[in-house]
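Listed below are the residues making up each chain.
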Amino acid sequence: MTVAVAGLVAFPLYWMLLSALKPTGEIQSADPRPWTLAPTLEHFERVLGAAGFARYFVNSVLVAVVVVAGSLLLSFLAAVALTRFRFRGRTVLLVMLLVAQMVPVEALTIPLFFLMRSVGDVAPAFGLNELGSLVLVHLAFTLPLAIWMLRGFVAAVPAELEEAATLDGASRLRFTWQILFPLVLPGLVAVSVLSFIHAWNDFLFARTFIISKTENQTLPQAILVFFKPEENDWGAIMAGSTLMTIPVLIFFVLVQRRLVSGLAGAVKG
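Cut-offs applied
- Residues numbered from 1 in each chain as written.
- Predicted model: local features only at pLDDT ≥ 70, side-chain atom pairs only at ≥ 80, totals over all residues.
- Heavy atoms only, no water.
- pLDDT = per-residue confidence, 0-100.
- Contact = heavy atoms within 4.5 Å.
- Core = buried A, V, L, I, M, F, W, Y, C linked by side-chain atoms within 4.5 Å.
- Buried < 20%, exposed > 50% of the residue type's maximum accessible area, 1.4 Å probe, protein only.
- Phe/Tyr/Trp six-rings, centres within 6.5 Å; stacked < 30°, edge-to-face > 60°.
- Helix = DSSP H or I, 4+ residues; strand = E, 2+ residues; numbered from the N terminus.
- Patch = residues over 30% accessible without salt bridge, like charges linked within 9 Å, V, L, I, M, F, W, Y side chains within 5 Å.
- Areas by Shrake-Rupley, 256 points an atom, 1.4 Å probe, with all protein chains shown as cover.
- Salt bridge = Lys/Arg side-chain N within 4 Å of Asp/Glu carboxyl O.

Asks: An account of the confidence of the model for the protein chain is requested, with residue identities and associated values reported.
Replies: Averaged over all residues, the pLDDT of the protein chain equals 84, while 95% of them reach at least 70. For residues 265-269, every residue scores under 50 in pLDDT, and the model assigns this stretch 4 contacts once sequence neighbours within four places are set aside.

Asks: Explain the nonpolar core to me, using residue names and the numbers behind them.
Replies: Val47, Leu134, Val137, Trp200, Phe205 and Phe209 are the most contacted members of the largest nonpolar core, which totals 37 residues. The contacts of Val137, once residues within four sequence positions are left out, are Leu112, Met116, Phe205 and Phe209. Counting 17 residues, the second-largest nonpolar core is a separate cluster that includes Phe76, Ala79, Met149 and Ala170.

Asks: How would you sum up the packing of aromatic side chains? Please name residues and give values.
Replies: To describe a pair of aromatic rings, you give the distance between the ring centres and the angle between the ring planes. Throughout the structure, instances matching the rule amount to 12 aromatic pairs. Summarising the aromatic geometry, the rings of Phe76 and Phe181 are spaced 5.2 Å apart at their centres and angled 90 degrees between planes, so their arrangement reads as edge-to-face. Here Phe76, found in helix H4 (residues 53-84), pairs with Phe181, found in helix H9 (residues 172-183); they are 105 residues apart in sequence, far enough to count as distant. A relative accessible area of 29% means that Phe181 is categorised as partly exposed. On the basis of an interplanar angle of 10 degrees and a centroid distance of 5.6 Å, the ring pair of Phe196 and Trp200 is categorised as stacked. Here Phe196 pairs with Trp200, and both are found in helix H10 (residues 185-200), just 4 residues apart, close to one helical turn. Overall, the relative accessible area of 10% leaves Phe196 in the buried class. Using a relative accessible area of 1% as the deciding quantity, one classes Trp200 as buried. Through pairs of rings, three or more aromatic residues link up here, namely Phe57, Phe196, Trp200 and Phe251.

Asks: Mind laying out unusual backbone geometry, listing which residues take part and the relevant values?
Replies: At Asn129, a residue that is not glycine, the phi angle is positive and equals roughly 70 degrees. Counting through the fold element by element, Asn129 comes out in the loop between helix H6 (105-122) and helix H7 (131-156). What makes Asn129 buried here is its relative accessible area of 13%.

Asks: With reference to specific residues and values, describe a nonpolar patch on the surface.
Replies: Together, Leu73, Leu74, Leu77, Leu173 and Trp177 make up an exposed nonpolar region whose accessible area comes to about 460 Å². No other element matches the 3 residues that H4 contributes to the nonpolar patch. Looking at the element boundaries, Leu77 is found in helix H4.

Asks: Tell me about the pattern of salt bridges, and name the residues and values.
Replies: All chains considered together, the criterion is met by 2 salt bridges. Across the salt bridge formed by Asp233 and Arg46, the nearest N and O atoms sit 2.9 Å from each other. Placement of the pair is Asp233 in the loop between helix H12 (219-222) and helix H13 (234-268) and Arg46 in helix H3 (residues 42-48), with a sequence separation of 187 residues. Among the salt bridges present, the one from Glu130 reaches Lys213, with a minimum N-O distance of 2.6 Å. Residue Glu130 is found in the loop between H6 and H7, and its partner Lys213 is found in the loop between helix H11 (204-209) and H12; the two are separated by 83 residues along the sequence. Exposure remark for Glu130: the relative accessible area of 21% places this residue in the partly exposed category.

Below, the structure written as structure tokens:
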């Protein structure tokens, strides 16, 4: 059963890679086969040779890295505040974080467009056509879930541990960063993966906010070049999608050991 489920999940990835390696004639064949006897790299060469592809790749990496770093820092501090401190409106804030996950992204796209346009009048680096607008929006959408996940990890750390650290002369700040932070590291890894995937695969907001500055486009937008009115270049589309998937797989492999424990801890919390 497990093998069957794994095969079902992996099949789209296999077909994507296969289509990227197939000659154009085999892709357009009326009798598609789940293999090829004449693999080719021409589609990858066409994608990598497209104007601006390297620039789009750098833009995607920049947005993803900033979003991951920002979500880790802000969600960790917010989780500590919501778990270790008692203040008025704490429960309301927790409920609002949960409700924020229920709002469809599509329903907020137009309001966010006008919001980013207004933000650009005050802070041009975060307005329309700038990568800063994508960073702000992705942070807004990843933080609620990240805070909820990390809240369980922070709550699992016994309060007696903080009391013992205080008796040993450690300040609250030192306890937070030198003791608490390493203990919730599996949760931070899980948050980093979710934040990275959310920012890396985004097309809707990138298409909405980056309008005229083509040099600030990201990888999902770059693949649009191969969608043509007369005939889509499916070989290049699959090759570009494969190249987009590689960084996600590499990032996942690097953190997968801690990711499993992180997701398990989030469910338990």
